[in-house]
Number of protein chains: 2
Amino acid sequence: MTINPAHVAGAGMIRFGKFPASTTLEGMAAAASRQALNDAGADVRDIEAIYTGHVFGGPVAGQRIAVHLGLDGRPVTNVENYCASGATAIREAWIALAAGLHDVVLVIGVEKMTDRVFGGVKPDPGDLDAAVGLVMAAGHAMSARRYMADHGATREQIAAVAVKNHAHSVHNPYAQYQHAITLEDVLSARPIADPLGLLDCSPISDGAAAMVLCNANGLRKLGLAASSAPRILGCGLVSGSLQIGTDDLNAEDVSRRAAEAAWEMSGVGPEDIDFVEMHDCFTIAEIVRLEGLGLIPVGQGGQWTQDGWTGIGGRLPVNPSGGLLSRGHPVGATGVAQACELTWQLRGTAGGRQVESARIGLAYCKGGTVSGTDGGSVTTLVMSQ
Amino acid sequence: MTINPAHVAGAGMIRFGKFPASTTLEGMAAAASRQALNDAGADVRDIEAIYTGHVFGGPVAGQRIAVHLGLDGRPVTNVENYCASGATAIREAWIALAAGLHDVVLVIGVEKMTDRVFGGVKPDPGDLDAAVGLVMAAGHAMSARRYMADHGATREQIAAVAVKNHAHSVHNPYAQYQHAITLEDVLSARPIADPLGLLDCSPISDGAAAMVLCNANGLRKLGLAASSAPRILGCGLVSGSLQIGTDDLNAEDVSRRAAEAAWEMSGVGPEDIDFVEMHDCFTIAEIVRLEGLGLIPVGQGGQWTQDGWTGIGGRLPVNPSGGLLSRGHPVGATGVAQACELTWQLRGTAGGRQVESARIGLAYCKGGTVSGTDGGSVTTLVMSQ
């Protein structure tokens, strides 16, 4: 089912990092929002509704942010889909714009993960697998072992994902890490869940990203030309029990279905995708998810990475921003940060990390646990110039 | 702004109560959902997307419920707006139906509040007022004192809200409490925050409610006539810093604005409302919110209640279901339970608690804290035959 595209009038984010308790969720979200408003040439009075994606912010975090921004009074919807929360907030905003209920909306993704007020990051209380030790890192370690066994991939090919994404984020002023790393750095890092080490894992991060989205009426209200505002063509959302415990750990059925949803909604196909922002919460995840989407043939993702085909200038640039591994992963903020990167790439304003001829991009988020009985969600956002 | 109405194809809920840990969130939600599906004559295969409202269920509760229901794979959006979470989930579903992205959706409101796995119900970590003692009951006690002082209302008039709502729920098989209480019971109950006692407060509850909503295409898919499926004409959502610390504690500016949103969206006015499901988390809240909406003149709500004008058979029946005070208040479930009651009343199938000539009804939810700096949200759902 296709509905009208939304336009990105403005995008903004703060540099991700680990901030002290004095850096508040509200303050981060407001700073990113003001950047997005400035980018759109819009005023807070132009904003008709707010969609916020976050996990640990509490049930009315969006309302607190609205007060902080001087947007008190507007409709605020808090959306939660674990690491896909920000992307799901974009999806709901896009739907509201297509329905015509609102013409100009603010979408905010935000998370304060290092703040001990919230008691740290814990597995979902209903996640029984995590309770007995099958936490995210363990699941992805199993995925890596399986991938290596099935496809003859090497540890070095998997580690190359981290090297590539750190190389990209050297040019991203919003990334938590802006330094290059070597293959040896990744291989010799502190083990986390064999074969994965510390640099195979995305960090704990604080951060916020925001976008001003509008429909055709909204463009008129803001005095913007459609040609200057990249389009959201569609945002697939599919749920699924993930693959631990099934025959093929890396089948990525949920990614396959998310891709189908994206192609159906957006009217584009895998061959049209010029670059990808991928949910590389772990190095191996970037590889198996790209294969699940059908963007790389199954079993070849390791080789593609080693050969530089997923780097900027390669056949399919993946994570020009640095991805979760290097830009950081404040969970609720990630989906919106990905969409900001898509916006800048499509406008051609991404500076040293610009992908050439970036006309259509895809951003992928996965939220939820890796158990067989719990559920997760995948979002596939497709944007064009 | 008006968008197309949605239709309620089916409504279902479980009896609210305090259940053991063996009664799971997923099980409650699935039971309510199956009732809604049966009521709609629909199968799980008809459901195209799921919107869930909950506060304490964890970031992917909706996905776990989908697995439990055999709906794994569908788009699932978890919506959180504290006690307005369920109502906000209805709103987002209505928007998606109006946009035409989906034709048949399942909306679930659910909460397991008594389960100690979740560590009990605590104020939002960012709610500094609650941290120093200004919890919900204290705020509403101040509201009651102010109302009595300003309008010469009596303690008995405020207590009469609880007597009325318990009398209504004697006829509601889904209510947590199905027994009548006397004025003396309310006045002599254990004090909670003077002047409010235990029976002035809604209980801690577990429960779930669900609805199958569809647009015109969805009605055709399900083979239903529009005349048999009550319509959602609109659902206002406004945020606001509530009134503690301002000059007029009971000004209910947020309710006034929510009413304006409801009238604008639905094309009906306060004079058209035949009955109300009101968020009576505390007795006094029913009175001041009805006045804030403009449904009762300011200062007269106590007298109206004492005179029976807000009872079934009165001038403006309020909470025929028993309301939060007697039906119970599993926070994420409440907004959906209210909409179920609207559905049954509008169909004329509410049995012993049926409101005569119930053609248009309004349901009101308020979510969030009562502090001056934190935010809250109010929803105003308007439904017609």
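Thresholds applied
- Residues numbered from 1 in each chain as written.
- Chains lettered and ligands numbered in written order.
- Predicted model: local features only at pLDDT ≥ 70, side-chain atom pairs only at ≥ 80, totals over all residues.
- Heavy atoms only, no water.
- Axes fitted to C-alpha atoms, helices over the stretch in contact; angles between N-to-C directions.
- Helix = DSSP H or I, 4+ residues; strand = E, 2+ residues; numbered from the N terminus.
- Left-handed = near helix turned anticlockwise from the far one by under 90°.
- Contact = heavy atoms within 4.5 Å.
- Salt bridge = Lys/Arg side-chain N within 4 Å of Asp/Glu carboxyl O.
- Buried < 20%, exposed > 50% of the residue type's maximum accessible area, 1.4 Å probe, protein only.
- Pairing = 2+ DSSP bridges.
- Right-handed = clockwise from strand over helix to strand, strands pointing away.
- Expected span 1.5 Å × (residues − 1).
- Phe/Tyr/Trp six-rings, centres within 6.5 Å; stacked < 30°, edge-to-face > 60°.
- Buried area = accessible area lost by both parts, 1.4 Å probe.
- Polar contact = N/O pair within 3.5 Å; in protein donor to acceptor, adjacent residues only side chain to side chain.
- Nonpolar A, V, L, I, M, F, W, Y, C, P; charged D, E, K, R; others polar.
- pLDDT = per-residue confidence, 0-100.
- Least-squares fit on C-alpha atoms with pLDDT ≥ 70 in both.
- Disulfide = S-S within 2.5 Å.

**Here's the deal with the packing of helix α5 (residues 136-151) of chain A against helix α10 (residues 283-292) of chain A**
Residue and element names in this part refer to chain A. At their nearest, the axes of α5 and α10 sit 9 Å apart, and the two run at 65° to each other. For the element pair α5 and α10, the recorded crossing hand is left-handed. Contacts between α5 and α10 pair H140, S143, A144 and Y147 from the former with I284, A285, I287, V288, R289 and E291 from the latter.

**Considerations on the pattern of salt bridges**
All names here are of chain A. Counted by the stated rule, this structure contains 34 salt bridges over all chains. The closest approach of N and O atoms between D150 and R146, which form a salt bridge, is 2.8 Å. In this pair, D150 and R146 both sit in helix α5, four residues apart, roughly one turn of the helix. Judged by its relative accessible area of 39%, D150 is partly exposed. Taking relative accessible area as the criterion, R146 reaches 36% and is therefore assigned partly exposed.

**Here we look at the pairing of strand β8 (residues 231-240) of chain A**
All names here are of chain A. Judged by how many residues are buried, β8 sits mostly within the fold: nine of ten residues are covered. One ladder, built from two bridges, connects strand β1 (residues 6-13) with β8; its direction is antiparallel. Its bridge partner being in β8, A6 is matched across the sheet by I232. Relative to strand β11 (residues 376-384), β8 runs antiparallel, the two sharing nine bridges. Its bridge partner being in β11, C235 is matched across the sheet by L381.

**Describing the side chain of B:E92**
Relative to the assigned elements, B:E92 resides in helix α3 (residues 85-99). Owing to a relative accessible area of 0%, B:E92 belongs among the buried residues under this scheme.

**Section: the pairing of strand β2 (residues 49-53) of chain A**
Residues and elements named next belong to chain A. The element β2 is largely enclosed, with a buried count of five among its five residues. Because side chains alternate across β2, one face comprises the buried residues A49, Y51 and G53, and the other comprises I50 and T52, equally buried. Of the strand pairs in this sheet, β2 and strand β3 (residues 76-80) are connected by four bridges, and their pairing is parallel. Residue pairing in the sheet places T52 in a bridge with N78 of β3. In the classification by handedness, the crossover that spans β2, the intervening helix α2 (residues 61-69) and the parallel β3 is right-handed.

**Quick word on helix α9 (residues 253-266) of chain B**
Residue and element names in this part refer to chain B. With 14 residues, α9 ought to run about 20 Å at 1.5 Å a step, and its terminal C-alpha atoms sit 20 Å apart, in line with that. In this structure, the buried side of α9 is in contact with α3, β8 (231-240), α10 (283-292), β10 (360-368) and β11 (376-384). Following α9 by one or two positions, G267 has its phi on the positive side, about 75°.

**Looking at the packing of aromatic side chains**
Going through the model one piece at a time under the given rule, you end up with four aromatic pairs over all chains. Ring geometry for A:Y174 against A:W344: centres 5.1 Å apart, planes inclined by 15°, an arrangement best described as stacked. Of the two residues, A:Y174 sits in the loop between α6 (155-169) and α7 (183-187) while A:W344 sits in helix α13 (residues 331-347), which places them 170 residues apart along the sequence. The residues A:Y174 and A:W344 share a single accessibility class, namely buried. For the pair B:W304 and B:W309, a centre-to-centre distance of 5.1 Å together with 70° between the ring planes defines the contact as edge-to-face. You can call B:W304 buried: its relative accessible area is 7%.

**Observations regarding the interface of chain B and chain A**
Facing 53 residues of chain B, the contacting portion of chain A comprises 53 residues. Looking only at chain B, the three residues that lose the most surface to chain A are B:P59, B:E80 and B:L101, adding up to 17% of its buried area. Run the count over chain B and chain A and you get zero salt bridges. Across the contact surface, chain B and chain A share 20 residue pairs in polar contact (both at pLDDT 80 or more). Put simply, the parts of the chain that give the side of chain B that touches chain A at least two residues each are α2 (61-69), β3 (76-80), α3, β8, α9 and β11 of chain B. Per-class residue counts for the side of chain B that touches chain A are 24 nonpolar, 20 polar and nine charged. Of the strand pairs in this sheet, β3(A) and β3(B) are connected by three bridges, and their pairing is antiparallel.

**Side note on helix α6 (residues 155-169) of chain B**
Residue and element names in this part refer to chain B. Compared with an ideal rise of 1.5 Å per residue, which puts 15 residues at 21 Å, α6 spans 22 Å between its outermost C-alpha atoms and is within 8% of the ideal. Of all 15 residues in α6, twelve are buried; the element is thus mostly enclosed. Taken together, the buried positions of α6 are R155, Q157, I158, A159, A160, V161, A162, K164, N165, H166, H168 and S169. Next to the buried residues of α6 lie α5 (136-151), α7 (183-188), β6 (196-197), α10, α11 (301-306) and α12 (323-327).

**Digging into the confidence of the model for chain A**
With 94% of its residues at a pLDDT of at least 70, chain A reaches an overall mean of 93. As scored by the predictor, the complex reaches a pTM of 0.96 and an ipTM of 0.94.

**Details of the relation of the copies chain B and chain A**
Superposition record for chain B on chain A: RMSD 0.0 Å, screw rotation 180°, translation along axis 0.0 Å. Taken together, these values place the two copies in the relation of a two-fold axis. Among all C-alpha atoms of chain B, that of B:A99 lies closest to the rotation axis, at 2.0 Å. Interface overlap between copies is the fraction of interface residues in one copy that are interface residues in the other; for chain B against chain A it reaches 100%, indicating a shared surface.

**A closer look at the side chain of A:E277**
All names here are of chain A. Among the secondary structure elements, E277 is positioned in strand β9 (residues 275-277). Of the polar contacts made by the side chain of E277, one reaches the side chain of S321; its length is 2.7 Å. Once residues lying within four places of it in the same chain are set aside, the contact partners of E277 are N319, P320, S321, R327, Q338, E341, L342, L362, A363 and Y364.

**Examining the environment of B:M148**
All names here are of chain B. Mapped onto the elements of the fold, M148 is located in helix α5. Between the alpha carbons of M148 and G299 there is a distance of 9.0 Å; along the sequence they are 151 residues apart. Setting aside residues up to four positions removed in sequence, M148 forms contacts with A153, T154, R155, I158 and P195.

**Topic: the state of the cysteines**
Residues and elements named next belong to chain B. One pass over the full model with this rule turns up zero disulfides over all chains. You can see C201 has no disulfide; the closest cysteine sulfur is in C281, sitting 9.2 Å from it. Residue classification places C201 among the buried positions, given a relative accessible area of 14%. Among the cysteines around C340, which has no disulfide bond, C365 carries the closest sulfur, lying 12 Å off. Judged by relative accessible area, C340 falls into the buried class, the value being 0%.

**Focus: the environment of A:D206**
Residue and element names in this part refer to chain A. For D206, the location among the structural elements is in strand β7 (residues 206-214). The class for D206 is buried, based on a relative accessible area of 0%. Linking D206 and T114, residues 92 residues apart in sequence, is a C-alpha distance of 6.6 Å. Apart from residues lying up to four places away in sequence, D206 is in contact with F16, G17, K18, F19, M28, E111, K112, M113, T114 and P330. Separated by 3.5 Å, the side chains of D206 and K112 make a polar contact.

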